[in-house]
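The lines below spell out each chain.
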Amino acid sequence: MFDVLPQLPADPILGLSTAFKADTNPHKIDLGVGVYKDEQGHTPILTSVAKAQTILLGKEDSKTYITPQGVQGYIDGMLELMLGKGNPVLLADRIAAVQAPGGCGALRILAELIKRCDENTTVWVSDPTWANHIPLIGNAGLKLETYPYFDKSNASINFDAMADCLGKVKKGDIVLLHGCCHNPTGADLSKEQWQVVLELAQKTGFIPFVDTAYQGFGDGLEEDAYGMRLLVNNLPEVLIAASCSKNFGLYRERVGVAVMVTENTKTRQAIQTQIQSIARGIYSMPPSYGGALVDIILNDEALKAEWMAEVEGMRSRMQDLRALLVAKMNEYGATKDFEFVKKQKGMFSFLCITPEQVQAVRDQHSVYFVGSSRVNIAGISKTNVDALAKALVSVL
Ligand code: LMR
């Protein structure tokens, strides 16, 4: 029976790692999958995480099931990190949350929750958005539409078109927004633009669904939460999918959190049972390990301070790399202005070159990045930046 299914093409992002590994060029450069890398091209275990692992090893005395909602200290720590200490919505007991297997798990749980409420709901995603948003939300059976977001011709957000589109969506529609460090473009909304989005949600009655996977990689841990907090503090209902893959470097542990801000405690109680039953029906309960580590870090003042400094270190290194790449492109005679790369935030930049140029730089120079022209800034290093800039300039 299963021979009716065809072989599928490689995943547009994860497939890059396989192609990169198979390339025998010793000077190959990997700017594909979004993982942080140090100067040596290594994805390190954060020192704070390594310390938390030692603490956990010393105190964990059982591998019995954890509770269906996950590690409670982890969830509380994450809610405080995302929404701010003493957030009034948290204090008002309006937030349902479950630990999820990664940000992906959180996105899928919330997509299933939307479907349970109304299977005809439309989810609006930015054009472009992270490629995996489409199957994660679409495979739950929801209808997807796009709103204009990024204008490649001038490498910036087309906010007028975005606002115009969001002003016309239906009450009860869902609008997926990137909390910070937009993936793939690196172009984030300004405070004023977040304010307009809030007012549009208030006017039309759409419900924001915030995907936050890079808190701390843009302008800082507090600054990057601005838009999300604005929406949560001023709207009756908001969905949030958060990931600890990037800012805790816990990629393989699959640790995230699915959050639903509800109108009141009664709804909160009902939604808590709903999201737990959705998880139970897919994978029963989340793995404990990653959440247990984040619980230890966020609830220990010294360790938290150490982690915050490590996030700051990753953030400032990526910012320096942006400036370095632009300087080198200019040095090697780029015929295009790449100044915009310095203004983009987080792990990714959209170089705004054509798919043909992306393919040419891969074929001719073994430089790997997503066909949309998204590069992982963290894959750049002082060692490879000259070769990278020369390669890019040669295909412009
Ligand atoms: C990315 O965007 O490269 C990462 O989030 C990894 C992934 O799963 O796509």
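Above this text you will find the structure in question.
Residues numbered from 1 in each chain as written. Predicted model: local features only at pLDDT ≥ 70, side-chain atom pairs only at ≥ 80, totals over all residues. Heavy atoms only, no water.

## Examining the environment of Ala19
Then comes step 1: Position of Ala19 among the secondary structure elements: in helix 1 (residues 14-22).
Then comes step 2: With a relative accessible area of 30%, Ala19 lands in the partly exposed category.
Then comes step 3: Here the alpha-carbon distance between Ala19 and Gly167, two residues 148 residues apart in the chain, equals 42 Å. (Helix = DSSP H or I, 4+ residues; strand = E, 2+ residues; numbered from the N terminus. Buried < 20%, exposed > 50% of the residue type's maximum accessible area, 1.4 Å probe, protein only.)

## Points about the packing of helix 11 (residues 289-298) against helix 12 (residues 301-331)
Then comes step 1: Where helix 11 meets helix 12, the closest approach of the two axes is 6 Å, and the angle between their N-to-C directions is 105°. In terms of axis orientation, helix 11 runs roughly perpendicular to helix 12. On the side of helix 11, the interface is formed by Ile296, Ile297 and Leu298, while helix 12 contributes Leu303, Lys304 and Trp307.
Then comes step 2: Split into classes, the residues belonging to the contact of helix 11 with helix 12 amount to 5 nonpolar, no polar and 1 charged. (Axes fitted to C-alpha atoms, helices over the stretch in contact; angles between N-to-C directions. Parallel < 35°, antiparallel > 145°, perpendicular 65-115°, else oblique. Contact = heavy atoms within 4.5 Å. Nonpolar A, V, L, I, M, F, W, Y, C, P; charged D, E, K, R; others polar.)

## Brief notes about the nonpolar core
Then comes step 1: Formed by 105 residues in total, the largest nonpolar core has its most connected members in Met78, Met82 and Phe369.
Then comes step 2: Both of domain 1 (10-44 + 303-395) and domain 2 (49-299) provide at least three residues apiece to this core.
Then comes step 3: With residues up to four places along the chain from it excluded, the contact list for Phe369 reads Leu16, Leu31, Gly32, Leu351, Ile353, Val358, Val361, Arg362, Arg374, Val375 and Leu392.
Then comes step 4: Of all hydrophobic cores here, the second largest spans 32 residues; its members include Ile13, Val123, Phe209 and Leu239. (Core = buried A, V, L, I, M, F, W, Y, C linked by side-chain atoms within 4.5 Å. Domains from an automatic or database assignment.)

## A closer look at the pattern of salt bridges
Then comes step 1: Taken as a whole, this structure holds 16 salt bridges when the rule is applied.
Then comes step 2: One salt bridge connects Glu112 with Arg108, and the closest N-O pair in it is separated by 3.0 Å. Residue Glu112 and its partner Arg108 are located together in helix 5 (residues 102-117), separated by 4 residues, close to a single helical turn.
Then comes step 3: The exposure class of Arg108 is partly exposed, given its relative accessible area of 24%.
Then comes step 4: With a shortest N-O distance of 3.2 Å, Lys342 and Glu339 are connected by a salt bridge.
Then comes step 5: The structure contains a network of salt bridges with shared partners spanning Lys328, Glu331 and Asp386. (Salt bridge = Lys/Arg side-chain N within 4 Å of Asp/Glu carboxyl O.)

## Let's talk about the site of the ligand
Then comes step 1: Around the ligand, the neighbouring residues are Ile13, Val33, Gly34, Trp130, Asn183, Tyr214, Lys246, Phe348 and Arg374.
Then comes step 2: One of the backbone N or O atoms of Gly34 is found 2.7 Å from an oxygen atom in the ligand.
Then comes step 3: One of the side-chain N or O atoms of Lys246 is found 2.9 Å from an oxygen atom in the ligand.
Then comes step 4: The protein chains hide 83% of the 260 Å² of surface that the ligand would expose on its own.
Then comes step 5: Of the residues that constitute the shell around the ligand, the class distribution is 5 nonpolar, 2 polar and 2 charged.
Then comes step 6: Counting contributing residues per domain, the shell around the ligand is built from domain 1 (10-44 + 303-395) and domain 2 (49-299), each supplying no fewer than three. (Near = heavy atom within 4 Å. Polar contact = N/O pair within 3.5 Å; in protein donor to acceptor, adjacent residues only side chain to side chain. Areas by Shrake-Rupley, 256 points an atom, 1.4 Å probe, with all protein chains shown as cover.)

## Some thoughts on unusual backbone geometry
Trans is the prevailing form of peptide bonds, just as negative phi is the prevailing case for residues other than glycine.
Then comes step 1: With an omega dihedral of 5°, the bond running from Asp127 to Pro128 counts as a cis peptide bond.
Then comes step 2: As for its placement among the helices and strands, Pro128 is situated in the loop between strand 3 (122-127) and helix 6 (133-138).
Then comes step 3: Across the junction of Asn183 and Pro184, the peptide omega takes the value 25°, indicating a cis bond.
Then comes step 4: Its location among the elements puts Pro184 in the loop between strand 7 (174-178) and helix 8 (191-204).

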